[in-house]
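Residue-level structure breakdown
Listed below, chain by chain, are the residues.
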2 protein chains.
Amino acid sequence: MSSAALPIASLPVDPWRLCETSFDPATNFLHETLFALGNGYIGLRASHDEGYTGPAGSSLDGSYLNGFYESEPIVYPEAAFGLARTNQFMLNVPNAKGIAIWIDGERFDPLQGSLGQYERSLDFRTGVLERRLEWTSPGGKRLALASRRLVSFDNKHLFAIELTLTPLNFSGRVRVLSSINGAVRNQEAGDDPRVGSAVSGPALHLVEMHQEASLTCMLHRTHNSGFLLASAIDTALDCGGAQPARAERDQLTAGQLFEFEANCGQAARVTKFGAYYSSRDYPADQLDALARATLLAARADGFAVLCERQRAYLDDFWAQADVQIAGDDALQQGIRFNQFHLLQSVGRDGKTNIAAKGVTGEGYEGHYFWDTEIYIFPFFLYSKPEIARKLLEYRYSGLEQARERARQMAHPKGALFPWRTIAGEECSAYFPAGTAQYHINADIAYSIKLYYEATGDLDYMARAGAEIVMETARIWLGIGSYDRAGRFCINEVTGPDEYSALVNNNYYTNAMAQMHLRFAAAIADTLRGQRPDDFARIAAAITLDDGECAAWLRAAGRMALPYDAALGIHEQDDSFLSKKPWDFAGTAPDRYPLLLNYHPLVIYRHQVCKQADVVLALLLLSDQFNLEDKRRDFDYYEAVTTHDSSLSSCIFSIIAAEVGYADKAYDYFMETARLDLDDTHGNTHYGVHTAAMAGTWMGVAYGFGGMRVQDGALRFAPTLPSKWQHYQFQIQFRGCLLRVRVDAAGAAYTLLAGAELAFSHHATRVVLTAAAPGAHIGQGE
Amino acid sequence: MSSAALPIASLPVDPWRLCETSFDPATNFLHETLFALGNGYIGLRASHDEGYTGPAGSSLDGSYLNGFYESEPIVYPEAAFGLARTNQFMLNVPNAKGIAIWIDGERFDPLQGSLGQYERSLDFRTGVLERRLEWTSPGGKRLALASRRLVSFDNKHLFAIELTLTPLNFSGRVRVLSSINGAVRNQEAGDDPRVGSAVSGPALHLVEMHQEASLTCMLHRTHNSGFLLASAIDTALDCGGAQPARAERDQLTAGQLFEFEANCGQAARVTKFGAYYSSRDYPADQLDALARATLLAARADGFAVLCERQRAYLDDFWAQADVQIAGDDALQQGIRFNQFHLLQSVGRDGKTNIAAKGVTGEGYEGHYFWDTEIYIFPFFLYSKPEIARKLLEYRYSGLEQARERARQMAHPKGALFPWRTIAGEECSAYFPAGTAQYHINADIAYSIKLYYEATGDLDYMARAGAEIVMETARIWLGIGSYDRAGRFCINEVTGPDEYSALVNNNYYTNAMAQMHLRFAAAIADTLRGQRPDDFARIAAAITLDDGECAAWLRAAGRMALPYDAALGIHEQDDSFLSKKPWDFAGTAPDRYPLLLNYHPLVIYRHQVCKQADVVLALLLLSDQFNLEDKRRDFDYYEAVTTHDSSLSSCIFSIIAAEVGYADKAYDYFMETARLDLDDTHGNTHYGVHTAAMAGTWMGVAYGFGGMRVQDGALRFAPTLPSKWQHYQFQIQFRGCLLRVRVDAAGAAYTLLAGAELAFSHHATRVVLTAAAPGAHIGQGE
């Protein structure tokens, strides 16, 4: 119901690139996010190599490593038993990008002197951030500068910069300083949790710094989490021959300085490689050697080879993942931008996950949420399943902490995953909208179910999946209870919609718990039958009682699922409909988001939703509802939802498409698709919204494509927005790669890889084979 | 359901005194609380004048001024709009009691050398803490020491100490240093909110220190609250003539030093007066002069005169307030101890109130809660109504802040009082058990109703009472709403029982809101009829709309009051009965109180009560329930209540007495009556429990006496516990003083003052007059 006008897109529309043609402090902070590079581990905001002298508050020159964190005690003004005790927050690591340039003593600074032509672009096919500019110094010297930067998809520890400078109207003394700056600290969040962390002051303490020839290496230690971090650079300068470097250092910064005579018209090229290694991944005493080896290899390969590998990686990615929209280039750009950033953000080493803002900023402190399983996982599962599998591995790596947390929460059995975390411990400092979101357990189980149904990977289930599913299922029996009417009730939880808290029988939670319990019993059954040894091993490891599966099924069968017969809608929780409707008419536009303008109690006692809750269940548990149910639920909840969460619009878009509200489907989709590119939430400068980005993919596949996988069966029910000529997406399913292309004439399905794939198109059953890989089904068929 | 064994009373039983006969570090901390002195403003813990050298953690040498506080920002690890931003906490002020003694260079220290006879006593009739001891120094010198200390009931700014020392086996050089020590700081709370405040480090900053002749004065400033405090002492020493003093000082401590030759057997007497004045009460530039004037007058009066005045004040108090129990001296002692401490704790200047721990400790930070109105107010109203009136004045002084708070909480009209505060601003740092307790508004209105019915003081209502009642009543219309069934619902509040939070239609809250709305409409009606000018003035001041009173009555008439027909009980809230019962059988005794051993979510999702909630409504709104209702409610809630709150047992005792559970009534009463004296909650060393102390009085008058005032009508329904011979209490009502004495033969009512008083005894109507002041009603009449 919020009505902030969408800002006009400020960047040129280009289906494959992001491009800026001026350098403006007013957009610098935002563009640092949009043009940021990452590889799921290293994240470099797109601050310029040469530093930034614009006004305070118009830049955040951040470098991040996914999962590399400091911890600190959470101090409550009024403490209570069992509250999360230790926060973890992703650190801003030493800035290793810096390349400062002086010509005859004048420091290159695009905000001094004057800038001639300027272009910076990020090409989603090359994965390289390129920049070309001409600059006239205050003293009148003209310089051409070109640079390329990449963060390697091939080696998670590596990034590289190539910078070329050419004197245009002078010959003179040039100095180039390539550095690592250890004087970094994190943003302070203040009152807005979406900004950064609560920490103040530096968190990295210099242990060692050494330099030799072209190399500078720093070793830092975190105080509380006790990690060691090696940050290293190797720099070469070629100006008609390799130039020698001199080591430079002060207390917290060090690097290589090159000084030489540049001739008018003659290019000098700086090639810089950077590497980060931390003791989260490797033994502390090997970090330095590992960083050196990476830099040595990179230098031997050279920048061009790294670019080729980057391109090859992305060629492969787009071949699998590309979504095409014909008829709206801005949208096409937005969708590819989102997919590209998802790829840049996602941890894929089994020890890391994907943070709310990826590795582009410090908002939400680099924490992982349910966003992964419910919003982001499907994109990777159907586009790049090997990454999806790594996301599951991450959760398995935290199973032991989840068991410990369950004990703290008085559950004698089972595992309770944290609402927000980096390394597996609960980091939520406001439990009513944190730990109370028990649905995280079902969300994780759901993603495992999705994975299993898409891949049939019973090995994985036997090795890890079943254990997670069963351990997390147990919590429902611990938290729930039968009421006097014999209904299985789950009380005092918070659902996805954080504008209600501590409610009884949240529809989403209970329905997902029901799915979870049944899946746990089913997978136990499957393993017992097909992998008896594995089942026996798991049952012994978690001391599974004989009667537990039956108890799960009984609870699932009697699950309380609030339904209001008078309105014919599913009630968000036991009391939602008895609350006072929010006075939307009396709420000025500047009072949104409500959470920044009203005390939680005021919000909680009204019928008002921050985001999809019942409506999300309509998607995830699609088969449990008929179309009339869905339409009534959609109508009711749409009227009381503010979409103050970036997780909301994509879900409303999908259900709108399903129930036949084509215009709404399109409008909600558009709110999601360019959310970051147009900065519609006004906070993209603090980092991208990874869940909303993945929501765009769901909007195409689930929404317009009508794709659902329910209990293993794949189906489509495509519709075509009137403004588009066609759209196309691809999914990997059961070892096959399927292309779905929808235009005014109908839907074309093409099996691009794999032997045979069966699915349905509306009510039509389709089977494609390698021999007969295509089917075209016209409108109305 | 907790079953901690009561410790054996460690102090001798004496109906009028507290007495210790040994000095033991093991009991020192606790006895500092029990023997503490106060006058509603100054509070001095009973630390010995000479200081304490026992083990760390066995003493808290605190001096407090009711309402004198420092403020500090409340920092939330995850902030939200409208949360209380600034805490206020009662300060430990400079210790002005100190009197150090050296004999021939050996410092007097009862923990060195050996202590001969020792006795310390606090007499509730004299209000003087007395001590007599004989001490042998490590060097073999024997000294007799006697001291008396009082905190003046006559002048809130004054305390006095008289100390006499007599060399018993030597003549020698004696040094006496009387000091003020400014090097004080508050306790740190750690994880237990019942201990102290979250502040660390000194909060008082020395501004000025000056000394002349017998006087030392210090001026301190608080950093954030910006108050100035003058602490001053005047000391004289007489040893066969006045001895001259020498000023002594170091950075934070200063005082008067006396050095003289003492002769064996000759007593030397130190007389010390101390005064505190703060800029909360007076202009900052007058504090010094006011303190001097008080000390000068005290010196002119002399210690003996102060003792006489103290005695006179207490004679008057006991004449009005004394409760007698024949047949249980330990209980008699406990009851008088409680009454005495209530008198010592209660602020009576209209700007202060009564803190959870009075002025005896720092637990709950010196904050005022609903404890005042619901637990403590009745004792003062019926025993010392002029103090009750001052407690009401205090709330009126905070009406403006309550209006501001209502605006922060999105109520366009009305006033919302803070859950905990000193100066009127909300200081609760955990809103689910703080600001969510909207019942505070009804509790305050209830106390005003009680006052009005007991005094008929329409002047007060016109001046302040009606304005508070109407402004606070408005909030119910702001927070509540009509549901689809037309019930007026109050959602997302927390009732008195803090083991449920953010519930809908808490029975206590709704029933009290109903009372409140009706009283507001009634008092508006009364004023409109009897004081039209006053009514017009108030209505204009608060812009009372024509229809508001009708809206109040409509909401009251349709108030949702949860009742479970199957069980025949009032439900604590809409969902209480559908929650899982707590597993008491599986909960070890050391897991109580639950709040220190279970995450709030675990507690909230169970049927378990910390304290009386519905059961409290049975008392306050007695007429709305029949005896069978009350018995069923009592039975049900007794089984699920832990009494982890010290506010619980007294209420259960009262209702048990009413429904005929004599044994339970007695047992619960006993748990309350000596709660502090026997330290049954294990934390009395941090301060007394003022609400439980007043609960004792209610236990006698409301419980065994069966006293109720419902809509202005006074009635009694006395019963006699089998272990007692008789009991007696007195109440002031409508300008009369009535004595109620109950023994095995029946009840005797005597009008001690006043012209005529009507009341009922069970079903019998009684009218006493000055001419016929007595009535005896036998058992069964």
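Structure: see above.
This report concerns the structure included in the present document.

What counts and what doesn't
- Residues numbered from 1 in each chain as written.
- Chains lettered and ligands numbered in written order.
- Predicted model: local features only at pLDDT ≥ 70, side-chain atom pairs only at ≥ 80, totals over all residues.
- Heavy atoms only, no water.
- Helix = DSSP H or I, 4+ residues; strand = E, 2+ residues; numbered from the N terminus.
- Rg over C-alpha atoms; globule rule 2.2 N^0.38 Å.
- Areas by Shrake-Rupley, 256 points an atom, 1.4 Å probe, with all protein chains shown as cover.
- Lys, Arg positive; Asp, Glu negative; His and termini not counted.
- Charge placed at Lys NZ, Arg CZ, Asp CG, Glu CD.
- Least-squares fit on C-alpha atoms with pLDDT ≥ 70 in both.
- Contact = heavy atoms within 4.5 Å.
- Buried area = accessible area lost by both parts, 1.4 Å probe.
- Salt bridge = Lys/Arg side-chain N within 4 Å of Asp/Glu carboxyl O.
- Polar contact = N/O pair within 3.5 Å; in protein donor to acceptor, adjacent residues only side chain to side chain.
- Nonpolar A, V, L, I, M, F, W, Y, C, P; charged D, E, K, R; others polar.
- Buried < 20%, exposed > 50% of the residue type's maximum accessible area, 1.4 Å probe, protein only.
- Core = buried A, V, L, I, M, F, W, Y, C linked by side-chain atoms within 4.5 Å.
- Disulfide = S-S within 2.5 Å.
- Pairing = 2+ DSSP bridges.
- Phe/Tyr/Trp six-rings, centres within 6.5 Å; stacked < 30°, edge-to-face > 60°.
- Lys NZ or Arg CZ within 6 Å of the ring centre and 35° of its normal.
- Expected span 1.5 Å × (residues − 1).

1. Quick look at the overall build of chain A
Tallying secondary structure elements over chain A gives 18 helices and 33 strands in all. Over its C-alpha trace chain A gives a radius of gyration of 27 Å, about what one expects of a compact globule, namely 28 Å for 781 residues. Projected onto the principal axes, the alpha-carbon positions of chain A cover approximately 85 × 60 × 60 Å. Counting only carbon and sulfur atoms, one obtains 50% of the accessible surface of chain A, whose full area is about 25000 Å². Looking at chain A, you have 69 positive and 92 negative side-chain charges, and the mean spots of the two groups are 2 Å apart.

2. Quick look at the relation of the copies chain B and chain A
By a simple turn and slide, chain B fits onto chain A: the slide is 0.0 Å along the axis, the RMSD is 0.0 Å, and the turn is 180°. Taken together, the rotation and translation relating the two chain copies correspond to the operation of a two-fold axis. Residue Tyr76 of chain B, judged by its C-alpha, is the member of chain B lying nearest the rotation axis, at 3.1 Å. When the interface residues of chain B are mapped onto chain A, 100% of them again lie at the interface, so the same face is used by both copies.

3. Points about the interface of chain B and chain A
Counting from both sides, the interface comprises 54 residues of chain B and, opposite them, 54 residues of chain A. Between chain B and chain A, roughly 4500 Å² of surface is buried when both sides are summed, and carbon and sulfur atoms account for 58% of that area. Of the charged contacts in the structure, one is a salt bridge between Arg420 of chain B and Glu78 of chain A, with a shortest N-O distance of 3.9 Å. At the boundary of chain B and chain A, one finds ten residue pairs in polar contact (both at pLDDT 80 or more). Elements with a contribution of two residues or more to the side of chain B that touches chain A: α9 (458-479) and α13 (600-604) of chain B. If you tally residues by element for the side of chain B that touches chain A, the top one is α13 of chain B, at four residues. Classifying every residue of the side of chain B that touches chain A gives 30 nonpolar, twelve polar and twelve charged.

4. Points about the pattern of salt bridges
Residues and elements named next belong to chain B. Scanning all chains against the criterion turns up 114 salt bridges over all chains. The salt bridge involving Arg149 is made with Asp49; its shortest N-O contact spans 2.7 Å. With Arg149 in strand β10 (residues 142-151) and Asp49 in the loop between β3 (42-44) and β4 (63-73), the pair connects residues that are 100 residues apart, well separated along the chain. Take Arg149 and Asp49: they sit in the same class, and that class is buried.

5. Quick notes on the nonpolar core
Counting residues in hydrophobic clusters, the biggest one holds 482 residues, and the most contacted among them are Tyr375 and Tyr382 of chain A together with Tyr375 and Tyr382 of chain B. Ignoring anything within four residues of it in the chain, the contact list for Tyr375 of chain B reads Trp370, Leu616, Leu647, Cys650, Ile651, Ala691, Ala694, Gly695 and Met698 of chain B.

6. Topic: the state of the cysteines
Applying the stated criterion across every chain yields a total of zero disulfides over all chains. The thiol sulfur of Cys650 of chain A is not disulfide-bonded, and the nearest other cysteine sulfur, from Cys609 of chain A, lies at 15 Å. Classification of Cys650 of chain A by relative accessible area gives buried; the value is 1%. Just so you know, Cys19 of chain B is unpaired, no disulfide at all, and the nearest cysteine sulfur is the one on Cys307 of chain B, 18 Å from it.

7. Side note on the sheet that holds β3 of chain B
Residues and elements named next belong to chain B. Spatial strand order, β2-β3-β4-β5: four strands in an open sheet with antiparallel pairing. Two strands lie at the open edges of the sheet, namely β2 (37-38) and β5 (86-92), each paired on one side alone. Pairing of β2 with β3 involves two bridges; the strand directions are antiparallel. Across the sheet, residue Gly38 finds its bridge partner in β3, namely Gly43.

8. Thoughts on the packing of aromatic side chains
Throughout the structure, instances matching the rule amount to 92 aromatic pairs over all chains. Residues Tyr636 of chain A and Tyr637 of chain A carry aromatic rings whose centres are separated by 5.5 Å and whose planes lie at 75° to one another, so their mutual orientation is edge-to-face. According to the relative accessible area criterion, Tyr636 of chain A is partly exposed, its value standing at 22%. Its relative accessible area of 2% is what places Tyr637 of chain A among the buried residues. A ring pair is formed by Phe576 of chain B and Tyr637 of chain B, whose centres lie 5.8 Å apart and whose planes are at 45°; its orientation type is tilted. One end of the pair, Phe576 of chain B, is in the loop between β23 (569-570) and β24 (580-581); the other, Tyr637 of chain B, is in helix α15 (residues 627-638), with 61 residues separating them in the sequence. Ring-pair connections join several aromatic residues into one group, and the members of that group are Trp16, Phe317, Trp318, Phe379, Phe380, Tyr382, Trp697, Tyr702 and Phe733 of chain A. Positioned above the aromatic ring of Trp16 of chain B, the side-chain terminus of Arg336 of chain B is 3.6 Å from the ring centre.

9. Description of the pairing of strand β16 (residues 246-249) of chain B
Residue and element names in this part refer to chain B. Of the pairings in the sheet, the one linking β16 to strand β17 (residues 253-262) comprises four bridges and is antiparallel in character. Its bridge partner lying in β17, Ala247 is registered against Gln256. Between the antiparallel neighbours β16 and β17 lie three residues.

10. With respect to the side chain of Gln728 of chain A
Residues and elements named next belong to chain A. Within the secondary structure, Gln728 is located in strand β28 (residues 726-733). Residue classification places Gln728 among the buried residues on the basis of a relative accessible area of 7%. Within polar-contact distance, the side chain of Gln728 engages the side chain of Arg741 at 3.3 Å. Contact partners of Gln728, with chain neighbours within four places excluded, come to Asp322, Val323, Gln324, Arg739, Val740 and Arg741.

11. Section: helix α8 (residues 439-455) of chain B
All names here are of chain B. The end-to-end C-alpha separation of α8 is 24 Å, in line with the 24 Å expected for 17 residues at 1.5 Å each. Within α8, 16 of the 17 residues are buried, which leaves it mostly tucked inside the rest of the structure. Count one or two residues on from α8 and you reach Gly456, which has phi positive near 65°.

Take it as geometry only, folks, not as evidence of what the structure does.
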